[in-house]
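Spelled out, the chains give:
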Amino acid sequence: MVSEPDAGRGPREDAGSLGVEWGLAGVAATAAAVGSAELFAWFLSPSGSPLTAVGGWVIDATPPPVKEAVIAVFGTGDKVFLMVVMVLLLALIGWGLGRVLRRSLPVARGLLVILGLAGLTAVVTRTGTPLVAAVPSVLGTGVGVVVLTVLRRWAARLPRTAPAADGSRGPALTRRQFVVRALVVTAAGLGAGALGRVAGAAARAASSVREALRLPAPARLDPVPAGADLGVPGAGPFVTPTKDFYRIDTALSVPTLDAAAWSLRIHGLVDRELTLTLDELLSRPVVERVVTLMCVSNEVGGNLIGNAVWTGVPIRDLLAEVGVRPEADMVLSTSQDRFTAGTPLEALTDPGRDALLAVSMNGEPLPFEHGYPVRMVVPGLYGYVSATKWVVDLEVTRFDRAQGYWTPRGWSARGPIKLSSRIEVPAQGATRPAGEVVLAGTAWAQHTGIAAVQLSVDSGPWRDADLGAVPSSDTWRQWVYRWSDAPAGTHRLRVRAVDSAGRVQDAVQRPTAPDGATGLHERTITLT
Ligand SMILES: Nc1nc2c(c(=O)[nH]1)N[C@H]1C(S)=C(S)[C@@H](COP(=O)(O)O)O[C@H]1N2
Ligand SMILES: [Mo]
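This text gives an overview of the structure that appears in the document. (Residues numbered from 1 in each chain as written. Chains lettered and ligands numbered in written order. Predicted model: local features only at pLDDT ≥ 70, side-chain atom pairs only at ≥ 80, totals over all residues. Heavy atoms only, no water.)

Focus on the environment of Val 290
Step number 1: Mapped onto the elements of the fold, Val 290 is located in strand 3 (residues 287-294).
Step number 2: According to the relative accessible area criterion, Val 290 is buried, its value standing at 0%.
Step number 3: Along the backbone, Val 290 and Ala 188 are 102 residues apart, and their C-alpha atoms lie at a distance of 47 Å.
Step number 4: Each residue touching Val 290, except ones within four places of it in the same chain, is listed here: Asp 222, Val 224, Phe 238, Asn 307, Ala 308, Val 309, Pro 471, Ser 472, Asp 474 and Thr 475. (Helix = DSSP H or I, 4+ residues; strand = E, 2+ residues; numbered from the N terminus. Buried < 20%, exposed > 50% of the residue type's maximum accessible area, 1.4 Å probe, protein only. Contact = heavy atoms within 4.5 Å.)

Here's what the structure looks like:
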């Protein structure tokens, strides 16, 4: 099949007769990229659909008269019209990509990556979007690049085409065989996309309901005081932006509950069972609280910790409504996806502690990834025993009758957060000029409070750092230590915290299981 004289010819010489094959190859790679991204979005993150995000961006950017004209012509089919236009545009872009592919695989790859970046940008710039939402665009772009490369290899096996970059050709393909393959890939991409869109429709419906959710004004605010954020460059912010907030759960695909259908049942050792809809829940007084959540799996110096502004209904109030029996000592919360957490009753009924059924995070309805429409937030306890997301059921019970998801899996039944601290600045291994060196970081003892943070250089004496302000004892606290006359050389910095009850952070190194790591965080830096 291969006509030898053509083997060495330049790529330009296949122009004309092979235009259709190249165009189709580009369309196939684009379909594979976008289609797989939509499929990934369905099970990874409902807010991660690039088509939805770009569509939303187009809608926002369309001038009102054009919008009105489209609605006048297409009525409620305006969204369908937008999708059709986007798919046609993508087909055109794909065709162009194929023409570029004929000249240069690297340039075509680059263009596909730019297309992926456009989708990614549209996704991550929507408000309240968590970082996982970026994953579908990234994976989809990866799929597209791989498909593009494979198609280029197949194209090299066509008659009158330049061999692949490595000079290889492989067994010959007829134009017909190539076209069939490209069409199969295109169909697979369209199929994946269609499946992702159809299966994800419920999630996106929930998504628009989520965006429209009206949050009740809190009866009590918890303002962040000036000076909570010490603003040291390189240190994390006092309030963690939602997109940077760590996410831990057992959910393979993010549950996207329908807020209108959501209800919470409170039962067990109670005098009067209660089932609440979201409206009924939100008809009770809502409070705002700044609370630092943390995962028991956080290593010393790790990142599985975040501080957010939550609003919600105190669980204490609801437990008072249902009347808790005296023999109860635990509340087993269950999520829509069957995760359970066993929370000590006293942490929920404590009048001085606002354990919440939270509905908002940093001023937005909870993101799906963080438990929309309702999750628990309990100051002072690790997430696995308290922070149930997508919560639908609270059973008042006893520790000797029930246990949470992680307890039979090697984690302790009770999980109070351990006093800890970390160094965020300078980075491990950093090199700085000798003289004044600024050290900064965070310390936490949720619901007890941080009284002091101390630094030790090269195993020298412990010296007090300056502390940031805090809204309450339920948040972490920033610290800064200005080390003056720091001499040249390599130094080991260690940090420890002291809580408001006078306890000093445990320096003994222990692993995260069964009830949280201990040990001191340290960094080594070089001063020149
Ligand atoms: N439904 C559900 N809720 C859950 C979990 C889970 O696996 N499923 N994990 C818990 C754990 S271990 C932690 S640390 C926190 C994390 O909350 P975040 O993902 O909002 O940071 O959620 C808790 N709530
Ligand atoms: Mo966790």
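Quick notes on the sheet that holds strand 14 (residues 450-457)
Step number 1: In space, the five strands of this open sheet follow the order 12-19-18-14-15, with mixed pairing throughout. Both outer strands of the open sheet, strand 12 (431-432) and strand 15 (463-464), are each paired with one neighbouring strand and no more.
Step number 2: Looking at chain direction, strand 18 (residues 489-499) and strand 19 (residues 521-527) are connected through seven bridges and run antiparallel. When the sheet's bridge partners are listed, Val 495 is paired in strand 19 with His 521. (Pairing = 2+ DSSP bridges.)

A short note on the site of ligand 1
Step number 1: Residues in contact with ligand 1 amount to 18 residues; listed here are only the nearest, Tyr 246, Thr 250, His 370, Arg 375 and Lys 389.
Step number 2: The separation between an oxygen atom of ligand 1 and a polar main-chain atom of Ile 248 is 3.0 Å.
Step number 3: In this structure, Arg 375 approaches ligand 1 through a side-chain N or O atom, which is 2.7 Å from an oxygen atom.
Step number 4: Bound to the protein, ligand 1 loses 99% of the 530 Å² it would expose on its own.
Step number 5: Looking at the shell around ligand 1 residue by residue, the classes come out as eight nonpolar, five polar and five charged. (Near = heavy atom within 4 Å. Polar contact = N/O pair within 3.5 Å; in protein donor to acceptor, adjacent residues only side chain to side chain. Areas by Shrake-Rupley, 256 points an atom, 1.4 Å probe, with all protein chains shown as cover. Nonpolar A, V, L, I, M, F, W, Y, C, P; charged D, E, K, R; others polar.)

Description of the pattern of salt bridges
Step number 1: Across all of its chains, the model carries 22 salt bridges by this definition.
Step number 2: The salt bridge partner of Glu 346 is Arg 414, with a shortest N-O separation of 4.0 Å. Taken together, the positions of Glu 346 in helix 10 (residues 345-349) and Arg 414 in the loop between strand 10 (391-397) and strand 11 (420-425) put the pair 68 residues apart, joining distant regions of the chain.
Step number 3: With a shortest N-O distance of 2.9 Å, Glu 522 and Arg 492 are connected by a salt bridge. (Salt bridge = Lys/Arg side-chain N within 4 Å of Asp/Glu carboxyl O.)

Description of the packing of aromatic side chains
Step number 1: Inspection of every chain in the model, using the stated rule, returns seven aromatic pairs.
Step number 2: Ring geometry for Phe 245 against Tyr 246: centres 5.4 Å apart, planes inclined by 20 degrees, an arrangement best described as stacked.
Step number 3: Connected via pairs of aromatic rings, a cluster forms that spans Phe 245, Tyr 246 and Trp 310.
Step number 4: We note Arg 181 situated over the ring of Trp 154; from NZ or CZ to the ring centre the distance is 4.7 Å.
Step number 5: Its end group placed over the ring of Tyr 405, Arg 409 keeps NZ or CZ at 3.8 Å from the ring centre. (Phe/Tyr/Trp six-rings, centres within 6.5 Å; stacked < 30°, edge-to-face > 60°. Lys NZ or Arg CZ within 6 Å of the ring centre and 35° of its normal.)

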